[in-house]
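Coordinate analysis (summary)
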Amino acid sequence: MDIKRANSRSTKPAPDTNFTGQVLQDPVLVGVAPSRMRATNVTFLPGGRTAWHAHPVGQTLYCVTGIGRVQLEGEQVQELHPGDTACIPPDTRHWHGSAPDRMFTHLAMSETSDTGEGTAWFEKVSDEDYNKTPEAIS
Ligand code: MN
């Protein structure tokens, strides 16, 4: 068994090219073939969010702490709370991040495609899109 010790890996700032605001990434798992799983704990400070992007095999976001937001292109912004799991379909443009006045941490889980293709990145999320009122939770 291979136990990846927490103190063997460091927290890294997410790259400015694909994120807005302050975002930190803690690696959890980079799967070794035949696994294609990749898991990262991501912490967004208030206002922090990804750029628009898409995952070839989709993505699962498990919300750990704080209050977050997620939006699939063409749909309303959704608010995320601890314990929520958001399932992002394959090849679907979306973004995720903190609520404007709250920090947020999620465990992001995804897989590469059969051909090794990973996340496709697009333009940053505008303040106008980011600040839209989320859909009310029923
Ligand atoms: Mn995503």
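Here's what I pulled together on the structure shown here. (Residues numbered from 1 in each chain as written. Predicted model: local features only at pLDDT ≥ 70, side-chain atom pairs only at ≥ 80, totals over all residues. Heavy atoms only, no water.)

So, about the coordination of the manganese ion. Distances from the manganese ion to its protein donors, namely His-53 (NE2), His-55 (NE2), Gln-59 (OE1), His-94 (NE2) and His-96 (NE2), fall within the range 2.1 to 2.2 Å. Between consecutive donor residues of the manganese ion, the sequence gaps follow H-x1-H-x3-Q-x34-H-x1-H. For His-53, a relative accessible area of 1% gives the class buried. The class of Gln-59 is buried, set by a relative accessible area of 7%. (Donors = N, O, S within 2.8 Å, 3.2 Å for Na, K, Ca; no water. Buried < 20%, exposed > 50% of the residue type's maximum accessible area, 1.4 Å probe, protein only.)

Turning to the nonpolar core, a few remarks are in order. In this structure, Val-23, Phe-44, Leu-61 and Leu-80 are the most contacted members of the largest nonpolar core, which totals 14 residues. For this core, the elements supplying multiple residues, two or more each, are strand S4 (37-44), strand S7 (59-66), strand S8 (68-72), strand S10 (85-88) and strand S12 (104-111). Once you skip the residues sitting within four places of it in the chain, Leu-80 turns out to touch Cys-63, Gly-66, Ile-67, Gly-68, Arg-69, Val-70, Ala-86 and Phe-104. Counting 5 residues, the second-largest nonpolar core is a separate cluster that includes Trp-52, Val-77, Val-125 and Tyr-130. (Core = buried A, V, L, I, M, F, W, Y, C linked by side-chain atoms within 4.5 Å. Helix = DSSP H or I, 4+ residues; strand = E, 2+ residues; numbered from the N terminus. Contact = heavy atoms within 4.5 Å.)

All right, on to the sheet that holds S7 then. Across the sheet, 6 strands lie side by side as S1-S3-S4-S12-S7-S10; this open sheet has antiparallel pairing. Each edge of the open sheet carries a strand with a single partner, namely strand S1 (12-13) and S10. Pairing of strand S3 (residues 23-30) with S4 involves 7 bridges; the strand directions are antiparallel. Opposite Asp-26, over in S4, you have Asn-41 as the bridge partner. (Pairing = 2+ DSSP bridges.)

This next bit is on the pattern of salt bridges. For the structure shown, the criterion picks out 6 salt bridges. Among the salt bridges present, the one from Glu-73 reaches Arg-93, with a minimum N-O distance of 2.9 Å. You can see Glu-73 sitting in the loop between S8 and strand S9 (78-80) and its partner Arg-93 sitting in the loop between S10 and strand S11 (94-98), a full 20 residues away along the chain. Overall, the relative accessible area of 43% leaves Glu-73 in the partly exposed class. (Salt bridge = Lys/Arg side-chain N within 4 Å of Asp/Glu carboxyl O.)

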